[in-house]
Amino acid sequence: MAASTLITVAPTGAEADKAKVPALPVTLDELVVTAKECEAAGAAVIHVHIRDRTARPTLDRGLLTDTVAALREGTDLIVQLSTGGAVTDSFTGRLAVLDAAPDACSLTCGTVNFGDDVFSNPWTFIKELYQLTQERQVVPEFELFDLGHVATLHRLLGEFGPPAGGRVHCDLVMGVPGGMPGDVATLAAAAAALPDGATWSATGIGRTTLPVMFGALGAGGHLRVGMEDTLSFARGRPVARNAELVERAAELARFAQRPPMRPAEARDFLGIPARPA
Ligand code: KMH
Ligand code: ZN
């Protein structure tokens, strides 16, 4: 079992509406302030979706590049850009995210019903994106929304070899309406099906946050939390700041005697080169 816990914060996502959720960080300034607070609270990785001036999701290349630079300037966090984007984003736009040269990126291993929408990830797109991560040496995190995605991960590694950085690190995204449920039995089944040597984080969407967090800590997994995944801190109590979700995860990790990894340790763990001094 890992001696420490990698905590990723996913502060924004592409779905929540800033007008309804004023605490959602959508401007670059809000994102950097959030990132600093979350790093202080115990996060080592930030999973980033950006918004435009009207707070709508965007994959604008200039804004992505500025975001990577600002997060590097303001924090030591590992900057992981989302290549999932919003359900409306094109495959071309999602591939072009790597032009912003992040440390890491998400890479979803299959299509999934996503509420009333479809989050589309056909094999042809997955393999093109994976090969691009290898070419650009951007460390992928394999996002698995369903058990079938685990089978695709095996196929990907079998056909194209290991990822940049060498470590196969996955994120089990549980409780999406249309994906695998966020319960401990499913978590155990998904973790057991991963390739030998793979490590994993888990995140539970909405009210599955806490069961998934407790299950992951007990099973030796790592944690992802944030307003992309959960807008309620407790029943009837909206999340006030992303950092309080990180604080709760860090506290539970310490309680489980697997304290949060600091960013330098996380870089080593994920095979991401240290930042030049
Ligand atoms: N916004 C979802 C449709 C990722 O970031 O890679 C996809 C998503 C996954 O959030
Ligand atoms: Zn995301």
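Relevant structure appears above.
Residues numbered from 1 in each chain as written. Chains lettered and ligands numbered in written order. Predicted model: local features only at pLDDT ≥ 70, side-chain atom pairs only at ≥ 80, totals over all residues. Heavy atoms only, no water.

S.K.: Describe the pairing of strand E6 (residues 104-108), and please don't skip the residues or the numbers.
M.R.: In terms of burial, E6 is a largely internal element, 5 of the 5 residues being buried. Here E6 shows a buried face lined by Ala104, Ser106 and Thr108 and a second buried face lined by Cys105 and Leu107. Bridge count for strand E5 (residues 78-81) against E6 is 2 bridges, and the pairing is parallel. What sits directly across from Leu81, in E6, is Cys105. Summarising the sheet, E6 and strand E9 (residues 139-144) pair through 5 bridges and their orientation is parallel. Among the inter-strand pairings, Cys105 is bridged to a residue of E9, identified as Pro140. (Buried < 20%, exposed > 50% of the residue type's maximum accessible area, 1.4 Å probe, protein only. Helix = DSSP H or I, 4+ residues; strand = E, 2+ residues; numbered from the N terminus. Pairing = 2+ DSSP bridges.)

S.K.: Tell me what's going on with the coordination of the zinc ion (ligand 2), and back it up with residues and numbers.
M.R.: Taken together, His47 (NE2), His49 (NE2) and Glu228 (OE) make up the protein donors of the zinc ion (ligand 2), found 2.1 Å from the metal. All donors to the zinc ion (ligand 2) come from one chain, and their sequence spacing reads H-x1-H-x178-E. Placement of His49 in the loop between strand E2 (45-48) and strand E3 (50-51) and of Glu228 in the loop between strand E12 (222-225) and strand E13 (232-234) is noted, with a sequence separation of 179 residues between them. Grouping residues by exposure puts His49 and Glu228 together as buried. (Donors = N, O, S within 2.8 Å, 3.2 Å for Na, K, Ca; no water.)

S.K.: Any details on the sheet that holds strand E1 (residues 7-9)? Residues and values, ideally.
M.R.: A barrel is described by the order of its strands in space; here 8 strands give the closed sequence E1-E2-E5-E6-E9-E10-E11-E12, paired in parallel fashion. Each strand axis lies, on average, 30° off the axis of its neighbour in the sheet, ignoring direction. Taken together, the 2 bridges between strand E11 (residues 199-204) and E12 define a ladder with parallel strand orientation. Among the inter-strand pairings, Ala202 is bridged to a residue of E12, identified as Leu223. Running over the sheet, helix H4 (residues 123-136) touches E6 and E9 and is turned about 160° from E6. (Axes fitted to C-alpha atoms, helices over the stretch in contact; angles between N-to-C directions. Contact = heavy atoms within 4.5 Å.)

S.K.: Account for the pattern of salt bridges, naming residues and giving values.
M.R.: In this structure the tally under the stated criterion is 15 salt bridges. Taking the shortest distance from any N to any O, the salt bridge between Arg136 and Asp99 comes out at 3.0 Å. In this pair, Arg136 is assigned in helix H4 and Asp99 in the loop between helix H3 (91-96) and E6, connecting sequence segments 37 residues apart. Since its relative accessible area comes to 37%, Arg136 is described here as partly exposed. Among the charged side chains, a salt-bridge network with shared partners connects Glu143, Asp171, Arg224, Glu228 and Asp229. (Salt bridge = Lys/Arg side-chain N within 4 Å of Asp/Glu carboxyl O.)

S.K.: Which residues make up the layout of surface pockets, and what values do they have?
M.R.: The space that makes up the largest pocket amounts to roughly 600 Å³. What lines the largest pocket is a set of 33 residues, among which Ala14, Glu15, Phe114, Glu228 and Asp229 lie closest to the centre. Among the residues making up the lining of the largest pocket, the classes are represented as 13 nonpolar, 13 polar and 7 charged. The wall of the second largest pocket is formed by Gly206, Arg207, Thr209, Leu210, Pro211, Thr230, Leu231, Ser232, Phe233, Ala234, Arg235 and Arg248. Where the lining of the second largest pocket is concerned, the elements lending two or more residues are helix H7 (209-218) and E13. Residue composition of the lining of the second largest pocket, by class: 5 nonpolar, 4 polar and 3 charged. (1 Å grid on protein atoms, 1.4 Å probe; cavity = no way out; pocket = protein on both sides within 12 Å on 5 of 7 lines; lining within 4 Å. Points joined across faces, edges and corners; volume = space filled by probe spheres on them. Nonpolar A, V, L, I, M, F, W, Y, C, P; charged D, E, K, R; others polar.)

S.K.: An account of unusual backbone geometry is requested, with residue identities and associated values reported.
M.R.: Glycine aside, negative phi is the norm for most residues, and most peptide bonds take the trans geometry. Phi is positive for Ala101, which is not a glycine, with a value near 50°. Within the element layout of this structure, Ala101 appears in the loop between H3 and E6. A positive phi angle is found at Gln257, which is not glycine, with a value near 60°. Within the fold, Gln257 resides in the loop between helix H8 (242-255) and helix H9 (263-270).

S.K.: Mind laying out the nonpolar core, listing which residues take part and the relevant values?
M.R.: In terms of nonpolar packing, the biggest core is built from 68 residues, with Phe142 and Leu172 touching the most fellow members. The element best represented in this core is H8, accounting for 7 residues. By size, the runner-up hydrophobic cluster in this structure holds 12 residues, among which are Val45, Ala104, Phe269 and Ile272. (Core = buried A, V, L, I, M, F, W, Y, C linked by side-chain atoms within 4.5 Å.)

S.K.: Outline empty space enclosed by the protein, listing residues and values.
M.R.: Rolled over the atoms, a probe with the dimensions of a water molecule shows which regions are left empty. Per the counting criterion, the structure on display carries 3 cavities of 30 Å³ or more. Volume-wise, the largest cavity comes out at about 70 Å³. Lining the largest cavity are Ala14, Val48, His49, Ile50, Pro57, Thr58, Leu59, Leu64, Ser82, Gly85, Asp89 and Val97.

S.K.: I'd like a rundown of the packing of helix H1 (residues 28-41) against H8, residues and numbers included.
M.R.: Between H1 and H8, the shortest axis-to-axis distance is 8 Å and the interhelical angle comes to 15°. Overall, the two elements H1 and H8 adopt an arrangement that is roughly parallel. Our pair here, H1 against H8, has a crossing hand that is right-handed. Between H1 and H8, the residues in contact are Thr34, Glu37, Cys38 and Ala41 and Asn242, Ala243, Val246, Glu247 and Ala250, respectively. The class makeup of the residues in the contact of H1 with H8 is 5 nonpolar, 2 polar and 2 charged. (Parallel < 35°, antiparallel > 145°, perpendicular 65-115°, else oblique. Left-handed = near helix turned anticlockwise from the far one by under 90°.)

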